[in-house]
Every structure is written in C-alpha cells, then in structure tokens.
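Structural characterization, general
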Amino acid sequence: MTKYRCLICNYIYDPAQGDPGAGVKPGTAFEDLPGDWVCPICGAGKDQFVKAE
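Every value quoted in this text rests on a predicted model; they were computed, and no experiment measured them. (Residues numbered from 1 in each chain as written. Predicted model: local features only at pLDDT ≥ 70, side-chain atom pairs only at ≥ 80, totals over all residues. Heavy atoms only, no water.)

Let us look at the overall build of the protein chain. Counting secondary structure elements, the protein chain contains zero helices and three strands. If you list the helices and strands of the protein chain from N to C, you get β-β-β. Scaling as 2.2 N^0.38, a compact globule of 53 residues should have a C-alpha radius of gyration of about 10 Å, and the protein chain matches this with 10 Å. Projecting the C-alpha coordinates of the protein chain onto the three principal axes gives extents of approximately 25 × 20 × 15 Å. Considering the protein chain as a whole, with its 53 residues, one finds that 32% of them fall into the buried category. When contacts within the protein chain are restricted to residue pairs at least 6 apart in sequence, those whose partners lie at least 24 apart make up 45%. Accessible surface computed for the protein chain: about 3400 Å², of which carbon and sulfur atoms make up 50%. Averaging the coordinates of the 5 positive side-chain charges in the protein chain and doing the same for the 7 negative ones gives two points 4 Å apart. (Helix = DSSP H or I, 4+ residues; strand = E, 2+ residues; numbered from the N terminus. Rg over C-alpha atoms; globule rule 2.2 N^0.38 Å. Buried < 20%, exposed > 50% of the residue type's maximum accessible area, 1.4 Å probe, protein only. Contact = heavy atoms within 4.5 Å. Areas by Shrake-Rupley, 256 points an atom, 1.4 Å probe, with all protein chains shown as cover. Lys, Arg positive; Asp, Glu negative; His and termini not counted. Charge placed at Lys NZ, Arg CZ, Asp CG, Glu CD.)

What follows is about the sheet that holds strand β3 (residues 49–51). Reading across from one edge, β2-β1-β3 is the order of the three strands in this open sheet, with antiparallel pairing throughout. Looking along the sheet, the strands with just one partner apiece sit at the ends: β2 (12–13) and β3. Note that strand β1 (residues 4–6) and β2 share two bridges and pair antiparallel. What sits directly across from tyrosine 4, in β2, is tyrosine 13. (Pairing = 2+ DSSP bridges.)

Without other data, these values stay purely geometric and don't point to any function.
This is the structure:
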C-alpha cells in the first residue's frame, strides 16, 4: 500500500500502521480513510496529502 505525506508538516500516513489515535485500523488504505480524517500532527485535511516518494 502507498504511503502519503502531509504537505504542511511532513507527517507520513503509513497504511500498515493506520492511525490508532483516530480509530483507523492497520491495513487501511489512504483512499479508504473517512472523508473527515485529518493529519494527527497538524490537523490538515486529506486534500493536503500527496503520495510519498
């Protein structure tokens, strides 16, 4: 699965880890995150993420 990077703070969303603090289970693809999911570091929306190189 593809990792995504926040353009604001450089947080990397790793699908293998999910986002336990937001109730996102490991194995959840970025595309499958809820529409209201935000970066756990800076609060940026999904539209502020790009595929990590």
